[in-house]
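Analysis of the macromolecular model
Here is how the chains run, residue by residue.
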Amino acid sequence: MTEPATGFYDALSPFYHDNMGWDWDSVMRDEGTLLSDFLDQQMSNGGLYAILDCACGIGTQAIGLALHGHRVHGTDLSPVSVDCARSQAERLGVDMTFEIADFRHLGETVSGRFDVVMACDNSIAHCLEDDDLVAAVASMKSRLLSEGLLVLSVRDYDALVEDRPQFNNEHVQNRQDGRRVVFQVWDWEKDGSGYLMHQFLLRETDAGYETNHFQTKLRALRRDQLTVALESAEYRDIGWHPPHETGYYQPIVTARP
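Everything in this summary refers to the structure shown in the same document.

How each quantity is defined
- Residues numbered from 1 in each chain as written.
- Predicted model: local features only at pLDDT ≥ 70, side-chain atom pairs only at ≥ 80, totals over all residues.
- Heavy atoms only, no water.
- Pairing = 2+ DSSP bridges.
- Helix = DSSP H or I, 4+ residues; strand = E, 2+ residues; numbered from the N terminus.
- Axes fitted to C-alpha atoms, helices over the stretch in contact; angles between N-to-C directions.
- Contact = heavy atoms within 4.5 Å.
- Buried < 20%, exposed > 50% of the residue type's maximum accessible area, 1.4 Å probe, protein only.
- Polar contact = N/O pair within 3.5 Å; in protein donor to acceptor, adjacent residues only side chain to side chain.
- Salt bridge = Lys/Arg side-chain N within 4 Å of Asp/Glu carboxyl O.

On to the sheet that holds strand β3 (residues 97-100), then. Remark on secondary structure: sheet strands pair via backbone hydrogen bonds, oriented parallel or antiparallel. Taking strand neighbours across the sheet as the criterion, the seven strands line up as β3-β2-β1-β4-β5-β11-β10 in an open arrangement whose pairing is mixed. Of all strands in the sheet, those with a lone pairing partner are β3 and β10 (236-241), marking the two edges. Sheet twist, expressed as the average angle between the axes of neighbouring strands with direction ignored, equals 15 degrees. Relative to strand β5 (residues 144-153), strand β4 (residues 114-119) is paired through five bridges, and the arrangement is parallel. Looking at β5, one finds that Val116 is bridged to Leu149. Contacts between helix α4 (residues 79-92) and the sheet are confined to β2 (71-76) and β3, with β3 contributing the most and set at about 170 degrees to the helix. Lying over the sheet, helix α6 (residues 130-142) contacts β4 and β5, oriented at roughly 140 degrees with respect to β5.

Encoded structure:
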């Protein structure tokens with residue numbers, strides 16, 4: 001998992017803030033509000049939490065949560081993503097910390113324990129093999145307090161595998177400095193177990209359109225597969241929360257250590 005995923009995000013992250021076809025600042029704030037409200041519903045003590053976002057990327061969820069007053073530590077295996085997240089946090093005046101870490105090996109790099117450990121935006125689907133998946137959720141568990149909460153979001157692969165769509169996640173944003181057009185093309189494995197994702201970013205210029213292409217392999221991680229991995233790591237109270245209940249754009253699975 002590590003090398004292809006690291007290369008993908010190292011290459012993509014510098015483009016993410018200004019070229020993804022949406023207003024990143026607004027999305028970041030909206031997701032922070034939704035996730036903060038969700039944590040209040042799931043945690044019994046209320047208030048503010050110590051949160052480890054172990055797949056923070058450029059900070060979309062981590063910074064959004066920090067803006068709500070949570071104590072957030074963001075980690076990612078992509079050094080470029082971490083640098084971008086740190087820059088965005090500084091731009092917004094957010095007090096939080098960052099570190100480079102592989103979420104399969106958090107016990108070796110991240111100190112302390114947290115009320116919440118999270119990995120959103122389908123990052124867990126980079127675990128292509130069962131061993132990687134179990135290692136990841138066990139590693140996340142090692143950083144949780146005894147009454148803590150694991151929060152993962154993943155695409156709804158149970159539905160996607162049925163149709164195996166090839167054209168996805170299209171966005172168009174009209175801006176004063178030129179239109180942004182974003183889409184993905186998915187090349188599915190014959191058995192539907194995963195796909196090669198091609199991320200295209202088109203930026204309108206005076207000379208036409210500038211195109212950037214990035215690719216990575218992802219696992220079509222079904223609910224039962226992720227649930228089995230969580231059970232193997234001896235989590236309890238495993239629960240699935242669909243978007244129509246949470247308002248978040250992906251299904252969320254929670255579990256307790």
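The next thing to look at is the environment of Gln225. Relative to the assigned elements, Gln225 resides in helix α8 (residues 223-232). Exposure remark for Gln225: the relative accessible area of 30% places this residue in the partly exposed category. The spatial distance from the C-alpha of Gln225 to the C-alpha of Asp130 is 8.7 Å, given a sequence separation of 95 residues. Sequence-distant contacts of Gln225, that is, excluding residues within four places in its chain, are made with Leu133, Arg219 and Ala220. Separated by 3.0 Å, the side chain of Gln225 and the backbone nitrogen of Arg222 make a polar contact.

This next bit is on the side chain of Arg104. Relative to the helices and strands, Arg104 resides in the loop between β3 and α5 (106-109). Given the relative accessible area of 13%, Arg104 is considered buried. One polar contact links Arg104 to Asp102, side chain to side chain, over a distance of 2.7 Å. In this structure the side chain of Arg104 is engaged in a polar contact, spanning 2.9 Å, whose partner is the side chain of Asp132.

A separate point is the pattern of salt bridges. By the definition in use, this model includes twelve salt bridges. Between Asp130 and Arg219 there is a salt bridge, and its shortest N-O distance comes to 2.7 Å. Of the two residues, Asp130 sits in helix α6 while Arg219 sits in strand β9 (residues 208-219), which places them 89 residues apart along the sequence. A salt bridge links Glu189 to Lys217; the nearest nitrogen and oxygen atoms lie 3.0 Å apart. Residue Glu189 is found in the loop between β7 (180-188) and β8 (194-205), and its partner Lys217 is found in strand β9; the two are separated by 28 residues along the sequence. If you follow the salt bridges from partner to partner, you end up with Asp102, Arg104 and Asp132 in one network.

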